[in-house]
Amino acid sequence: MCGIVGYIGKKEALPILLEGLRDLEYRGYDSAGIAILNQGKIERIREVGKVDMLVKKIAGKKFPGSIGIAHTRWATHGGVTEENAHPHLAGNGKLVLAHNGIIENYRELKKEIKDQNFESETDSEILAKLIFQNYSGDLLKAVKMTLPRVRGTYGLAIMHADHPDEIVVARLGSPLVVGVGEDEYYLASDVTPILPFTKQVTFLDDGEVALINRQEFKIFNLKDEQIIKGVTQIDWDIETAQKGGFENFMLKEIFDQPTVFEDAIRGRIDMSEGTAKLGGLNMNLEEMRAIKRIILIACGTASYACLAAKYAFERLSGIPTEVDVSSEFRYRDPIVDEHTLIFAVSQSGETADTIMALREAKRKGGVVRGIVNVVGSTIARETGAGTYIHAGPELAVASTKAYTNMVAILLLYALEFGRLHHTTPATGQRILQSLLQIPEKMNEILKQSEQIKILADKYKDYNDFLFLGRGINYSVALEGSHKLKEISYIHSEAYPAGEMKHGMNALLTPDFPVLAILTQNQLYEKMKSSIEEVRARKSKTIIIASVGDEEAKELADDIVYVPKTMELLEPLLNTIPLQLFAYHTAVALGRDVDRPRNLAKSVTVE
Ligand code: AGP
C-alpha cells in the first residue's frame, strides 16, 4: 500500500499535495515525494521518512505551479532510500510517475527498455520508462499502449513536461479517486485528501484510464472506449475516510485480508511445477537440501502464525521444524548449526526479542532469514534476505492481516522445501489451487460479521473463555484466545483439546464458555469427543464448523460456519471468525479497540 495525491487547477499545488500526503500517511510512511509541473519543467523533491521530513526539506524552497502529483511510499520493491522514493522520472525528466501497487512482470518489461540507466531498484521506474518509450506526442495514448503489457496491480498518476494541462491516471487493483471541483480536479488513493476541497468524487474502476485537464476528465477502458460515469457525493469526515468507512482500523484490517492475501502470493507461485518461487531465500538448491532443521522465531501473533506453519513444514518437507518464542530462544542456549534455517517472523520488524534472538542464531552459525511486513525495518536489514509479507501498513495494535499473510508466506516456503523432498508436483498444485481460492472464502466468512456480532453481544459478560483446537487448529485456538485477551481484556486460555482431561477439565463450569474449532479434518472425530466432554460439564459451546456439517449443530449452543479448505490452509480461514468475535466483544464492552491498554504496536524493548 502506498498513497498517491494529485492536483490540477488554479491554486498552488504544493500545499494541497503536502496536506494530502499527510492524510494518506497511514497507507505508507517510509518515504515521500512530490513533482510539480511549471513552465514546461518538472520539479521533483523526495525524502526518506515521514511526510514531515519532506516538509522540512522543502522549507524555504519554492515549487510554484498548479499541477502536480505526490506519493507516500510503503516499500515493496527496493529498500527505503531516496532513489527508490516516488515520483519516478523518465526521459531525462520529461515524464514523471507515481505508482501504488506491484508490477509482477517487471523483470520481463525491464529487458525491453532501451535506456538501461536506472536511478532506483523499483518496479515503478521501469513502468515510467516504458511509458516514455511508447510516447510519441500523446501521453494518454502512451499509457494505454503500455498498460496491457503490465501484470500486477497499479494506481498511477503520470505527467509529461510537454503537457502542462494533463494528468493521466489509471487503476488496476489499487484504488484511485478523482475529486471534482470547479475547473479543478483532485486525485488520491482514497477520498481523505479530497474532502477538504470537494465532496463530489468519481471512483475509478479496475482497467480504467482517465485523462484529467483543468476543464474536464474523460475515462476510458483499455480497449479505448470512453466510459461515462456519475459523480458520488461523500458525506464522511476525514477520520472515517482513512478507515475506509470502517469504525476503526482493526475492523478495516480484518476486512483487508482477502485483498492483501492476494498481494502476498502474487507472482510467488509456480503452478506448472507445483511449487513456490520466493526469491528472498538467496539459497541454491544444494544449500536448501543441506537444511536439516528449521526454527521459526517470533512473538505473540507472529509466533502463532509460525505454529500453524510448523505443520506444513513438517508434513510437506519432512524437515523437523520448531517454533520458539524469541524471548525464550535467546536464553535457552539453542542448538543451531550451519544446517539450521531460522526464520525470524515479525510484522513490525522491530520487535526487540526477535532481533536479539536472530542475532543469537547468527552468532551460532545458523542460516537466518526474515519474514517481515515493514520494509527496511531492523529485522529486514539484519537478516539481509527473506520475504516481505505485503500486508500493507497495519495500524491496529491487534494484528490480523499480518497474521494471515505470515501464514501464507510460511506455507509457500514449506511448499518450496517440500518440493525438494517428498511433495509431488500434483500435491503442490492442489495446495496452490486451494490457496488461490482463499480470498473468495475469506469473503464468505467476512459476510458473517453481523452474525458474529450478535454472538459477541450474547457472550460479552462472561469472565473466562476457553479456546479449543487440535492439530493445526490448536494454533488457531491460541491466536483466537490471544486476540480476545488483547482487546476485550477478558481472561481466556487456549488448549489442545486432547489435553483437557489432564487438568483443564477441572475448571469447566456453566460460566466458562468454550470456543471450539471443529472443521472437517483428520482430527474431526477426536475433536467431537472433546467437545462432548465439555458439554458434559455444562459449559456453553460456540463451534467453528465446516459449511454443511449438520452434526456439529448438535454439539453447539452457537455455531459459525466456514468454507472447507485443505487442512494445512485452515488457519487462513478459521482465524477470521475468531478475530471478528474478539473485535465485536471488545466493541460491545466499550474498549479502545485500536489502542488497547498496556500494549504497543511495536515492542522495541526486551
Ligand atoms: C498481536 O496482536 C500483538 N499485538 C502482538 O502479540 C504482536 O504479534 C507481537 O508483539 C509481535 O509483533 P511483531 O509481529 O511486530 O514482531
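Residues numbered from 1 in each chain as written. Predicted model: local features only at pLDDT ≥ 70, side-chain atom pairs only at ≥ 80, totals over all residues. Heavy atoms only, no water.

Looking only at helices and strands, the protein chain has 19 helices and 27 strands in total. For 606 residues, the compact-globule estimate of 2.2 N^0.38 gives 25 Å, and the protein chain sits close to it at 25 Å. If one aligns the C-alpha atoms of the protein chain with their principal axes, the spans along those axes are about 80 × 55 × 45 Å. Here the protein chain, with 606 residues, has 60% of them falling under the buried criterion. For the protein chain, long-range pairs separated by at least 24 residues make up 72% of all intrachain contacts whose partners lie at least 6 apart in sequence. As presented, the protein chain carries roughly 23200 Å² of accessible surface, and 49% of it is formed by carbon and sulfur atoms. (Helix = DSSP H or I, 4+ residues; strand = E, 2+ residues; numbered from the N terminus. Rg over C-alpha atoms; globule rule 2.2 N^0.38 Å. Buried < 20%, exposed > 50% of the residue type's maximum accessible area, 1.4 Å probe, protein only. Contact = heavy atoms within 4.5 Å. Areas by Shrake-Rupley, 256 points an atom, 1.4 Å probe, with all protein chains shown as cover.)

Ordered in space as E5-E6-E7-E8-E12-E13-E14, the 7 strands form an open sheet in which the pairing is antiparallel. The sheet is open, and its two edges are formed by strand E5 (88-90) and strand E14 (226-227), each paired on a single side. Taken together, the 5 bridges between strand E7 (residues 154-160) and strand E8 (residues 167-172) define a ladder with antiparallel strand orientation. What sits directly across from Tyr154, in E8, is Leu172. (Pairing = 2+ DSSP bridges.)

For the rest of this paragraph, the subject is the sheet that holds strand E18 (residues 293-298). Backbone-to-backbone hydrogen bonds join strands into a sheet, with any given pair of strands oriented parallel or antiparallel. Pairing is parallel in the open sheet, where 5 strands are placed in the order E19-E18-E20-E21-E22. At either end of the open sheet lies a strand with only one pairing partner, and these are strand E19 (321-325) and strand E22 (386-388). With direction set aside, neighbouring strand axes in the sheet form an average angle of 15°. Sheet analysis places strand E21 (residues 367-372) next to E22, joined by 3 bridges and oriented parallel. Note on E22: the bridge partner recorded for Val372 is Tyr388. Of the strands in this sheet, E18, E19 and strand E20 (340-346) touch helix H9 (residues 300-317), which is tilted by about 165° from E18. In the packing of helix H13 (residues 401-420) onto the sheet, the strands contacted are E18, E20, E21 and E22, and the crossing angle to E20 comes to about 165°. (Axes fitted to C-alpha atoms, helices over the stretch in contact; angles between N-to-C directions.)

What follows covers the packing of helix H4 (residues 123-133) against helix H5 (residues 139-146). Relative orientation and spacing of two packed helices are given, respectively, by the angle between their axes and the distance between those axes. Where H4 meets H5, the axes come as close as 8 Å, and the angle between the chain directions of the two elements is 120°. It follows that H4 is oblique to H5 by the angle criterion. Of the two possible hands of crossing, H4 and H5 adopt the one that is right-handed. Packed against H4, whose contacting residues are Leu127, Leu130 and Ile131, the element H5 presents Ala142, Val143 and Thr146 at the interface. Among the residues making up the contact of H4 with H5, the classes are represented as 5 nonpolar, 1 polar and no charged. (Parallel < 35°, antiparallel > 145°, perpendicular 65-115°, else oblique. Left-handed = near helix turned anticlockwise from the far one by under 90°. Nonpolar A, V, L, I, M, F, W, Y, C, P; charged D, E, K, R; others polar.)

Turning next to unusual backbone geometry. With the exception of glycine, most residues fall at negative phi, and the peptide bonds are largely trans. Cis geometry marks the peptide bond from His86 to Pro87, where omega comes out at -5°. With respect to the helices, strands and loops of the structure, Pro87 is situated in the loop between strand E4 (67-73) and E5. Phi angles above zero are rare outside glycine, and Gln39 is one such case at about 50°. By the secondary structure assignment, Gln39 is in the loop between strand E2 (31-38) and strand E3 (41-48). Relative accessible area serves as the criterion here: at 79%, Gln39 is assigned to the exposed category. The residue Asn282 is not glycine, and still its phi comes out positive at about 55°. Tracing the chain through its elements places Asn282 in the loop between strand E17 (275-276) and helix H8 (285-289). The exposed category is assigned to Asn282, whose relative accessible area is 55%.

Ser346, Gln347, Ser348, Thr351 and Glu486 are the nearest of the 15 residues found near the ligand. In the model, a nitrogen atom of the ligand is placed 2.9 Å from a nitrogen or oxygen of the Val397 main chain. In the environment of the ligand, an oxygen atom lies 3.0 Å from a nitrogen or oxygen atom belonging to the side chain of Lys483. Relative to its free-state accessible area of 410 Å², the ligand is covered by the protein chains to the extent of 91%. Broken down by secondary-structure element, the contributors of at least two residues to the shell around the ligand are H9 and helix H16 (472-488). Here the residues of the shell around the ligand are counted per class, giving 5 nonpolar, 8 polar and 2 charged. Here the shell around the ligand spans two domains, and each of domain 2 (251-439) and domain 3 (448-588) adds at least three residues to it. (Near = heavy atom within 4 Å. Polar contact = N/O pair within 3.5 Å; in protein donor to acceptor, adjacent residues only side chain to side chain. Domains from an automatic or database assignment.)

Applying the stated criterion across every chain, the model contains 39 salt bridges. Overlapping salt bridges bring together Asp333, Glu360, Arg363 and Lys364 as one network. (Salt bridge = Lys/Arg side-chain N within 4 Å of Asp/Glu carboxyl O.)

Let's shift gears to the pairing of E3. In the case of a regular strand, side chains alternate between the two sheet surfaces. The pairing of E2 with E3 spans 8 bridges and is antiparallel. Within E3, the position partnered with Gly33 by the bridge is Arg46.

The subject of this paragraph is the domain arrangement of the protein chain. Along its sequence, the protein chain is organised into domain 1 (3-242), domain 2 (251-439) and domain 3 (448-588). Summarising the inter-unit geometry, the C-alpha centres of domain 1 and domain 2 are found 33 Å apart. Each partner contributes residues to the interface: domain 1 has 14 residues there, and domain 2 has 13 residues. Note on domain 1 versus domain 2: buried area summed over both sides is about 1100 Å², and carbon and sulfur give 71% of it. Its largest share of buried area at the contact with domain 2, domain 1 owes to Tyr26, Trp74 and Glu104, together 44% of the area lost on that side. Linking domain 1 with domain 2 are 1 salt bridge. Summed over the shared surface of domain 1 and domain 2, the result is 1 residue pair in polar contact (both at pLDDT 80 or more). (Buried area = accessible area lost by both parts, 1.4 Å probe.)

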